[in-house]
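What follows is each chain in one-letter form.
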Amino acid sequence: MTTEFDLGALLAERGAERYELHTRYLNHQLPRMLRTIGFDKVYERAEGAYFWDAEGNDYLDMLAGFGVMGLGRHHPVVRKALHDVLDASLADLTRFDCQPLPGLLAERLLSYSPHLDRVFFGNSGTEAVEGALKFARYATGKPRILYCEHAFHGLTTGSLSVNGEDGFRDGFAPLLPDTAVPLGDLDALEREVRKGDVAALIVEPVQGKGVYEAPPGYLRAAQELLHRHKALLIADEVQTGLGRTGRFYAYQHEEGVEPDLVCVAKALSGGYVPVGATVGKDWIFKKVYSSMDRVLVHSASFGSNAQAMAAGLAVLSVLESDRVVANAAATGEALRSRLAALVDKYELLAEVRGRGLMIGIEFGRPRSLRLRSRWTMLQAARKGLFAQMVVVPLLQRHRILTQVSGDHLEVIKLIPPLIIGEREVDRFVDAFTAVMDDAHEGGGLLWDFGRTLVRQAMANR
Ligand SMILES: Cc1ncc(COP(=O)(O)O)c(C=O)c1O
């Protein structure tokens, strides 16, 4: 007898317990943090760039699930591909045959980087990075990886070794032998590669933490330097890839950059199925998989699974048919330039930067005495509190989800689904302007909330 399993009934019966279940069985700090900042919402439904709560209020998503929902939620083409692949009852993951979908997705993905030849499919961004680190070390026969300050490449141990923030690393040592260099500093890079033990530099062309961009010419010059010293360039495009910055890959903004390895994940499956890809040059793969004995030397049980591959193919097809990358470039530029125009109006606003639909809004020390004392009070308690003070009313009052871009940074990051248009740009700019108006009036609820954040920061010390 088959046991009946009714997902709808289970959710109807127990869905309301979501926060309690999380508190009891999962990372209990998540519900605690959400309650503290009033983010403990119950979202019932989602589509495109919006969620809805039980009362039917819509929320604009400017976070895209940390970038995985590149096409927004529940894209009909991706959804259909997933239904189709389940209905096809494929003999997937036999592990001793060659399925068609991984080959087809690899072929299609490689068409966006003609200088690269082969793909390894894993299940997440960090796994794509782990693959690249291993491949680079094996192919060069050298141990050390260079990474950039502020870098984020995932949180498994190898990726953590190339993480630019102590907050993530502390307590997990010893990690791999790796060394940080400042993003854009070619002299520092040269000093390290000259030592002769460097396998690769891993770099995000636009950093996820803080939205710092590699300066013009850096990637190309770094590549030449690395190659001269028989080391590799790894581009981590986990967040920036698949059109986020207005090009398929962010390294493509600069002429002549041809990374030896490229890490892809997040948006590749449209947010439905975990997926990761390490894309690289033929000689690297040939070296790693140099004999039949080594066929499984780097592999993953769920890698290349049919659902992830079908979703990936559907996503790449939609990127082309709906001209999604061009939309990210145009809509991103419209949003960035309208926000940048506010820098002169608001003294708390320091800079708006980024490319395509990856935008950083940085706050800074105001000029006027009246605001400066409040700013200083926040900074003394903890850096990043002002950005938090903006993110909260954006959700509470304007129903827009955003995030602070990294610990101790006064930067908000916008990484909405790449399908947003004028309506969403208007809604965000209007809401942001209203929050900035409040902040500059210097009184009222916003700064009261700031004082609450200060008290909490002090209590957490
Ligand atoms: C640039 C970059 N690399 C790697 C990762 C890790 O990806 P995942 O969370 O899928 O392991 C992230 C995640 O945010 C990322 O932004």
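Residues numbered from 1 in each chain as written. Predicted model: local features only at pLDDT ≥ 70, side-chain atom pairs only at ≥ 80, totals over all residues. Heavy atoms only, no water.

Caption draft 1: Seen up close, the overall build of the protein. When you go through the protein residue by residue, the secondary structure sums to 18 helices and 15 strands. Since a compact globule built from 461 residues should have a radius of gyration of about 23 Å, the 23 Å found for the protein is in line with a globular shape. Based on the C-alpha atoms only, the size of the protein along its principal axes is roughly 70 × 70 × 45 Å. In the protein, 72% of the contacts between residues at least 6 apart in sequence involve partners at least 24 apart. When the accessible surface of the protein is totalled, it reaches about 21200 Å², and 54% of it is carbon and sulfur. Where the 53 positive side-chain charges of the protein centre and where its 58 negative ones centre are 4 Å apart. (Helix = DSSP H or I, 4+ residues; strand = E, 2+ residues; numbered from the N terminus. Rg over C-alpha atoms; globule rule 2.2 N^0.38 Å. Contact = heavy atoms within 4.5 Å. Areas by Shrake-Rupley, 256 points an atom, 1.4 Å probe, with all protein chains shown as cover. Lys, Arg positive; Asp, Glu negative; His and termini not counted. Charge placed at Lys NZ, Arg CZ, Asp CG, Glu CD.)

Caption draft 2: Looking closely at the nonpolar core. Core analysis: the biggest nonpolar cluster contains 119 residues, and Leu201, Leu339, Phe363 and Phe386 have the highest contact counts within it. For this core, the leading source of residues is helix 13 (residues 306–321), giving 11 residues. Leaving out residues up to four positions away in the same chain, Phe363 has contacts with Leu348, Leu349, Ala350, Trp375, Phe386, Ala387, Val390, Glu410, Ile412, Phe432 and Met436. Core analysis: the second largest hydrophobic core is formed by 25 residues, Val129, Val162, Leu261 and Ala265 among them. (Core = buried A, V, L, I, M, F, W, Y, C linked by side-chain atoms within 4.5 Å. Buried < 20%, exposed > 50% of the residue type's maximum accessible area, 1.4 Å probe, protein only.)

Caption draft 3: Main features of the sheet that holds strand 1 (residues 43–47). Here four strands make up an open sheet; going across it, the order is 1-2-3-13 and the pairing mixed. Each having just a single partner strand, strand 1 and strand 13 (400–401) make up the two edges of the open sheet. As paired elements, strand 1 and strand 2 (residues 50–53) share four bridges and run antiparallel to each other. Among the inter-strand pairings, Arg45 is bridged to a residue of strand 2, identified as Trp52. (Pairing = 2+ DSSP bridges.)

Caption draft 4: Geometry of the packing of helix 2 (residues 18–25) against helix 3 (residues 29–36). Where helix 2 meets helix 3, the closest approach of the two axes is 7 Å, and the angle between their N-to-C directions is 135°. In terms of orientation, helix 2 and helix 3 fall into the oblique class. Of the residues in helix 3, those touching helix 2 at Tyr19, Glu20, His22 and Thr23 are Leu30, Pro31, Leu34 and Arg35. Considered class by class, the residues forming the contact of helix 2 with helix 3 number four nonpolar, two polar and two charged. (Axes fitted to C-alpha atoms, helices over the stretch in contact; angles between N-to-C directions. Parallel < 35°, antiparallel > 145°, perpendicular 65-115°, else oblique. Nonpolar A, V, L, I, M, F, W, Y, C, P; charged D, E, K, R; others polar.)

Caption draft 5: Inspection of helix 13 at higher detail. With 16 residues, helix 13 should reach 22 Å at 1.5 Å per residue; the first-to-last C-alpha distance of 22 Å fits that figure. The buried fraction of helix 13 amounts to 12 of the 16 residues, a majority that puts the element mostly inside the structure. Taken together, the buried positions of helix 13 are Ala306, Ala308, Met309, Ala310, Ala311, Gly312, Leu313, Ala314, Val315, Leu316, Val318 and Leu319. For helix 13, the elements touching its buried residues are helix 5 (76–87), helix 6 (100–110), strand 4 (118–122) and helix 14 (324–340). After helix 13 finishes, the residue Arg323 shows a positive phi value of roughly 50°. (Expected span 1.5 Å × (residues − 1).)

Caption draft 6: A nonpolar patch on the surface, seen in detail. Judged by side-chain polarity, Phe5, Leu7, Leu10 and Leu11 come together as a nonpolar surface patch covering roughly 440 Å² of accessible area. Position of Leu11 relative to the elements: it lies in helix 1 (residues 7–14). Classification of Leu11 as exposed rests on a relative accessible area of 56%. (Patch = residues over 30% accessible without salt bridge, like charges linked within 9 Å, V, L, I, M, F, W, Y side chains within 5 Å. Salt bridge = Lys/Arg side-chain N within 4 Å of Asp/Glu carboxyl O.)

Caption draft 7: Structural detail: the packing of aromatic side chains. Across all of its chains, the model carries 16 aromatic pairs by this definition. Considering the side-chain rings of Tyr43 and Tyr59, the 5.1 Å spacing of their centres and the 80° angle between planes classify their relative orientation as edge-to-face. Pair noted here: Tyr43 is in strand 1 and Tyr59 is in strand 3 (residues 58–61), with a separation of 16 residues, a long-range link. Tyr43 sits in the partly exposed class, given a relative accessible area of 25%. The exposure class of Tyr59 is buried, given its relative accessible area of 4%. By the ring-pair criterion, three or more aromatic residues cluster together here, those being Phe363, Trp375, Phe386, Phe428, Phe432 and Trp447. It is Arg374 that lies over the ring of Trp447; its NZ or CZ is 5.9 Å from the centre. (Phe/Tyr/Trp six-rings, centres within 6.5 Å; stacked < 30°, edge-to-face > 60°. Lys NZ or Arg CZ within 6 Å of the ring centre and 35° of its normal.)

Caption draft 8: Fine view of the pairing of strand 15 (residues 411–414). The alternating pattern of strand 15 places Val411 and Lys413 and Ile412 and Leu414 on opposite faces, both of which are buried. With two bridges joining them, strand 14 (residues 403–404) and strand 15 adopt antiparallel strand pairing. Each bridged residue has a counterpart across the sheet, and for Gln403 the counterpart in strand 15 is Lys413. In sequence, strand 14 turns back onto strand 15 through a hairpin of six residues, with Gly406 there showing a positive phi of about 105°.

Caption draft 9: Geometry of the domain arrangement of the protein. Taken domain by domain, the protein consists of domain 1 (76–321) and domain 2 (324–459). For domain 1 versus domain 2, the distance between C-alpha centres works out to 31 Å. Of the roughly 1800 Å² buried at the junction of domain 1 and domain 2 (both faces included), carbon and sulfur atoms supply 58%. Here domain 1 and domain 2 share one salt bridge between them. Here Glu213 and Arg355 are joined by a salt bridge, their closest N and O atoms 2.7 Å apart. Here domain 1 and domain 2 share 12 residue pairs in polar contact (both at pLDDT 80 or more) between them. Here the residues of the side of domain 1 that touches domain 2 sort into seven nonpolar, nine polar and five charged. (Domains from an automatic or database assignment. Buried area = accessible area lost by both parts, 1.4 Å probe. Polar contact = N/O pair within 3.5 Å; in protein donor to acceptor, adjacent residues only side chain to side chain.)

Caption draft 10: Molecular detail of the confidence of the model for the protein. Mean pLDDT over the protein stands at 96; residues scoring 70 or higher make up 99%. Model confidence for the protein, summarised as mean pLDDT per element, is weakest for helix 18 (residues 444–459) at 79 and strongest for strand 9 (residues 261–264) at 99. (pLDDT = per-residue confidence, 0-100.)

Caption draft 11: Structural view of the site of the ligand. Around the ligand sit Ser124, Gly125, Thr126, Phe152, His153, Gly154, Glu204, Asp236, Val238, Gln239 and Lys266, and that is every residue in its neighbourhood. Residue Gly125 places a main-chain N or O atom 2.8 Å away from an oxygen atom belonging to the ligand. In the environment of the ligand, a nitrogen atom lies 2.6 Å from a nitrogen or oxygen atom belonging to the side chain of Asp236. The residue inventory of the shell around the ligand, partitioned by class, reads two nonpolar, six polar and three charged. (Near = heavy atom within 4 Å.)

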